[in-house]
Amino acid sequence: MRDSYRSLRLWLSTAFRAAPGLVVLQCAMQTAQSALAPIQTLGVSWLVNGMASHSSLLPAVALIIASLASSALTEALFEPLSSTVYERVHCRLHKEMLELTGSIPGIGIHENVETANRLELLRGETWRLSRSARTLMLVLGTLVSTATVLWLLISIDPVLTLLPALGLVRVWLAGRGGKLLWSAVERTTPHTRLVNRLLDISGDPRHGVEVRVFGLRRALAERVRAHLALVRAEQTRANWRGAALEVSANVVFAAAYIAAIAVTVVRARGGALSPGDVALVILLSAQVDHATSSLATSTRELGQLLNLFSGYVWLRDHAAELRRRAEGAKDAPAQLRSGIDVRGVKFRYEGSERWILDGIDLRIPAGSTIAVVGDNGAGKTTLAKLLLRLYEPSEGAIVIDGEDLSAIDAGQWWSRTAAGFQDFCRFEFTALENVGLGDLPKAQDERAVRSALRRGDAEIVVDNLPNGLRTQLGTRFGEGVNPSLGQWQRLALARAFMRSAPLLLLLDEPTAALDPEAEDALFARFAAASRGVSMSGGITVLVSHRFSTVRMADIIIVLSDGRIQEVGDHEGLMRRRGRYSELFDLQARAYR
Ligand SMILES: Nc1ncnc2c1ncn2[C@@H]1O[C@H](COP(=O)(O)OP(=O)(O)OP(=O)(O)O)[C@@H](O)[C@H]1O
């Protein structure tokens, strides 16, 4: 109940916060417009009575003309006003949702099936949330017209108020139908998510080669069809059940409608009512029919909206709870003095029983470079993400200069780190922005960007662009150039080097897409860049399968099945003739 109340409040406030003046104007116009139809009917009733009693028709005609003119005016203005409010609410909601999800520490919210479903539902239905003002107007309009109709009916015969009362049964059943549909939508969200993902794959040029070479077009289309069929079947079933409820309510209402007209005609014949009253009841009954049917529609829509807003309340609460927890958080240090201690860290992904990291103990002194190697799936990237605080350890702690990382403000920690990942982002902006995004305050600072390009060995990429740093990258959203995979990766690396003295520089397979020559040149620069980072006590963590890169690290750890198998520097590990030296020799032979 409390949740429904909060959803209702959020629903009402969302539209008002986005466009307060326009929504008030919309409310006023809607109220006027909704009262005008019954008032017009009253004018018709006066007209009939005036003609029957041969009295003046002027008041009736004036009332009809005035209400017609006002109705035409408000109708003309209403649509553009609604669209403007819709756009404003839409922009605001998107902005708020991006800010809320972005403020949540960790990426688990996108990976946990339940929370990912909730987010997808919210994202996919933002257009419906944005129509909150329109639904508000629909409800308001129906309430005003129902109240006006009620008032007119009472003035004729209080028994006639039974008619709108029966209409409420219709509204209640429509609400039940809406609930049935909503639970079908919720049940089918995992299928909808999958369909969206498959459509993304089919439409993305990066996957185009595999889709064509493996002849996946048909198979993908068949999967999309099968999941959509499931979604459609569930939702159609719910729609039919809702429709059956509504039809039964309509039959009852139609019987009451006929009875009301029959009673009025009989009473008029007995002289208790005037001909104008009969005309009024006939016309008003039609309006009650219309009003209750649109109230039924808006109730259905309102139910869906409130369900959606309860999802939105959940997202806000979730983000607020994490903000609250972070309130007493400590500041990230300006410089690393001692270093990072990984103490007995165990980690498993949510919903999984398997330990991905199984008791990692590691000391990384300030200013050092550490390389992490190991087989596929050994847990290297997971460890890197824990250091970045994209996940929290399930057991144990990561300690930064004596302070538990989980007690340090996540936003601050991120602002003091830099990262280059194997699955980097390809921002289809200008080359300048693409690199500059690595340090937002300096995003447009050409000197800072050029220096990052130098450290990431990506100057050559920009030199070959037709408009240098001002070149638009990517061709999907307009005219631009399409860099190769390796060129994109060099730019992503340069982005990682934008922050000049991060406490943690994390490079996860940063050279995977580069040719050996470029890789060689880059190693030398890595060493220089790492020295720059280490001046502030910063630590460079390099995850790599290329042992020629790894060898320059101060500490090398070999991960195997989530445990540290070996640790030491290159010479030490080679002398030991263990797993590291075995892998190193294997790769060196392959390169010879
Ligand atoms: N988001 C996730 N949810 C559940 N399991 C995951 C997730 N990400 C990774 N894993 C699992 O964790 C294990 C370790 O993955 P991780 O990416 O850390 O390995 P890695 O050593 O970096 O591998 P690679 O060398 O192939 O990049 C893998 O078995 C993987 O299946």
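Residues numbered from 1 in each chain as written. Predicted model: local features only at pLDDT ≥ 70, side-chain atom pairs only at ≥ 80, totals over all residues. Heavy atoms only, no water.

Novice: Would you mind showing me how to read the sheet that holds strand β8 (residues 539-543) here?
Specialist: Each strand in a sheet pairs with another by means of backbone hydrogen bonds, the pair being arranged parallel or else antiparallel. If you trace the 6 strands from one edge of the open sheet to the other, you get β6-β7-β8-β3-β9-β10, paired in mixed fashion. Pairing within the sheet leaves two strands with one partner each, and these edge strands are β6 (417-420) and β10 (563-568). When the angles between neighbouring strand axes are averaged without regard to direction, this sheet yields 15°. (Pairing = 2+ DSSP bridges. Helix = DSSP H or I, 4+ residues; strand = E, 2+ residues; numbered from the N terminus. Axes fitted to C-alpha atoms, helices over the stretch in contact; angles between N-to-C directions.)

Novice: Please explain the packing of helix α2 (residues 20-53) against helix α11 (residues 275-325) as it appears in this structure.
Specialist: To characterise two packed helices, one gives the angle between the axes of the helices and the distance between these axes. In contact at an axis separation of 8 Å, α2 and α11 are set at 160° when each is read in the N-to-C sense. Classed by the angle they form, the pair α2 and α11 counts as roughly antiparallel. Relative to α11, α2 is oriented so that their crossing is right-handed. Contact with α2, carried on its side by A37, P38, T41, L42, V44, S45, V48, N49 and A52, involves P275, G276, D277, A279, L280, L283, L284 and Q287 of α11 and no other residues of that element. A per-class count over the contact of α2 with α11 returns 11 nonpolar, 5 polar and 1 charged. (Parallel < 35°, antiparallel > 145°, perpendicular 65-115°, else oblique. Left-handed = near helix turned anticlockwise from the far one by under 90°. Contact = heavy atoms within 4.5 Å. Nonpolar A, V, L, I, M, F, W, Y, C, P; charged D, E, K, R; others polar.)

Novice: Teacher, can you tell me more about the environment of L220 here?
Specialist: Along the chain, L220 falls in helix α10 (residues 216-269). Judged by relative accessible area, L220 falls into the buried class, the value being 13%. Residues in contact with L220, not counting those within four places in the same chain, are L198, I201, S202 and V211. (Buried < 20%, exposed > 50% of the residue type's maximum accessible area, 1.4 Å probe, protein only.)

Novice: Looking at this model, I keep getting lost on the nonpolar core. Mind explaining?
Specialist: Soluble globular proteins tend to bury their nonpolar side chains together. If you look at the biggest cluster of nonpolar residues, it comprises 36 residues, and the most contacted ones within it are V23, L122, L129, F309, Y312 and L315. Secondary structure elements with two or more residues in this core: α1 (2-18), α2, α3 (58-103), α5 (113-124), α7 (132-156), α8 (162-203) and α11. Ranked by residues supplied to this core, first place goes to α11 with 10 residues. When neighbours within four sequence positions are excluded, L122 is seen to be in contact with M97, L129, L308, G311, Y312 and L315. (Core = buried A, V, L, I, M, F, W, Y, C linked by side-chain atoms within 4.5 Å.)

Novice: Any chance you could explain the site of the ligand here in plain terms?
Specialist: Neighbouring the ligand are 14 residues; R354, G377, K380, T381 and T382 lie closest to it. Within the side chain of N376, an N or O atom sits 2.9 Å from an oxygen atom of the ligand. Here an oxygen atom of the ligand and a backbone polar atom of G377 are 2.8 Å apart. Alone, the ligand offers 630 Å² of accessible surface; in the complex the protein occludes 65% of this. (Near = heavy atom within 4 Å. Polar contact = N/O pair within 3.5 Å; in protein donor to acceptor, adjacent residues only side chain to side chain. Areas by Shrake-Rupley, 256 points an atom, 1.4 Å probe, with all protein chains shown as cover.)

Novice: How should I be thinking about unusual backbone geometry in this particular structure?
Specialist: For residues other than glycine, phi is negative in most cases, and the peptide bonds are mostly trans. If you check the backbone angles, H54 has positive phi at about 55° while not being a glycine. With respect to the helices, strands and loops of the structure, H54 is situated in the loop between α2 and α3. Despite not being glycine, R577 has its phi angle at roughly 55°, a positive value. Here R577 shows up in the loop between α20 (570-576) and α21 (579-591).

Novice: Whenever I open this one, the pattern of salt bridges confuses me. Can you help?
Specialist: Between side chains of opposite charge, a pair can form as their charged atoms come close. Applying the stated criterion across every chain, the model contains 22 salt bridges. Linking R187 and E234 is a salt bridge whose minimum nitrogen-to-oxygen distance equals 2.7 Å. Placement of the pair is R187 in helix α8 and E234 in helix α10, with a sequence separation of 47 residues. Exposure remark for R187: the relative accessible area of 48% places this residue in the partly exposed category. The class for E234 is partly exposed, based on a relative accessible area of 21%. Among the ionic pairs, E446 bridges to R470, the shortest N-O distance being 3.0 Å. Highlighted residues: E446 in helix α15 (residues 446-455) and R470 in the loop between α16 (459-463) and α17 (485-496), separated in sequence by 24 residues. When salt bridges with common partners are traced through the structure, they connect R17, R92, E96 and R316 into a single cluster. (Salt bridge = Lys/Arg side-chain N within 4 Å of Asp/Glu carboxyl O.)

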